[in-house]
Amino acid sequence: MKKTLIIGATPNADRYAYRAAHMLTAKGHPIVNVGVKQGEVAGVKIEKQGAPYHDIDTITLYIGPAVQIGYYDYILQTKPKRVIFNPGTENPEFEKMLDLHNIEPVEACTLVLLSIGQY
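All residue numbers refer to position in the chain's written sequence, counted from 1. Reporting of local features is limited, given that this is a predicted model, to residues whose pLDDT is at least 70; pairs of side-chain atoms are given and counted only at 80 or more, and all residues count toward the totals for whole chains, interfaces and linings. In computing side-chain properties, one takes all heavy atoms of the structure into account and sets aside hydrogens as well as water.

Notably, Ala 42 is not glycine yet its phi reads approximately 55 degrees, a positive angle. With a phi close to 55 degrees, Lys 79 is a non-glycine residue in the positive phi region. Secondary structure elements are taken from DSSP: a helix is a run of H or I of four residues or more, a strand is a run of E of two residues or more, and numbering for both begins at the N terminus. Tracing the sequence through the fold places Lys 79 in the loop between α3 (72-78) and β6 (82-85).

All right, on to the pairing of strand β2 (residues 31-34) then. Neither face of β2 is open: one carries Ile 31 and Asn 33, the other Val 32 and Val 34, and all of them are buried. Each pair of strands is called paired provided DSSP finds at least two bridges between the two strands. As defined by bridge partners, strand β1 (residues 4-7) adjoins β2 across 4 bridges and the pair is classed as parallel. Within β2, the residue paired with Ile 6 across the bridge is Asn 33. Between the parallel elements β1 and β2, the chain passes through helix α1 (residues 16-26) in a crossover that is right-handed. Pairing of β2 with strand β4 (residues 44-47) involves 2 bridges; the strand directions are parallel. Counted as the bridge partner of Val 34 is Glu 47 from β4. Think of it in three bands: residues with accessible area under 20% of the maximum for their type are buried, residues over 50% are exposed, and the middle band is partly exposed, with areas taken using a 1.4 Å probe on protein chains only. Crossover handedness is defined by viewing with both strands directed away from the observer: a clockwise path from the first strand over the helix to the second marks the crossover as right-handed.

Further remarks concern α1. Taken together, the buried positions of α1 are Ala 17, Ala 20, Ala 21 and Leu 24. Down the axis, α1 shows its buried residues gathered within 100 degrees of arc, on one side only. Only heavy atoms enter the contact rule, under which two residues are in contact if any of them lie within 4.5 Å. Along its buried surface, α1 packs onto β1, β2, β3 (40-41) and α5 (110-115). Working definition: the arc comes from the directions between the helix axis and the C-beta atoms, pointing outward to the latter.

Turning to its location among the elements, Leu 5 is positioned in strand β1. A sequence separation of 11 residues divides Leu 5 from Tyr 16, and the C-alpha atoms of the two residues are 14 Å apart. Here Leu 5 is in contact with Val 32, Val 34, Tyr 53, Ile 56, Thr 58, Ile 59, Thr 60 and Tyr 74, once residues within four sequence places are set aside.

Note that every value here comes from positions in space, so none of it alone points to a role or purpose.
Laid out in structure tokens, this is it:
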């Protein structure tokens, strides 16, 4: 199972980050929720950006490129194996940075990857 950090987590059931949290946990992937909203998703509290984690396989992004800038160092210090850029979050500048740090950037939809067994 791939421990996944969701950046842009929200308790709003209409958002894709919310759906991803539930689908990830339903498929057995442990999650960490990071966002600006308070609350919890899929039984996991939403945290503010803090000290980087060191046991994350995947980070899935639900924030736009302008907001991502404030997370660059946090993501690079977390050192995940890959970062998924969900539709609308694509960021060629940051994707190049990730490549330079041996972190795989993936432009894909987490929900689709999970539903077709390619996560």
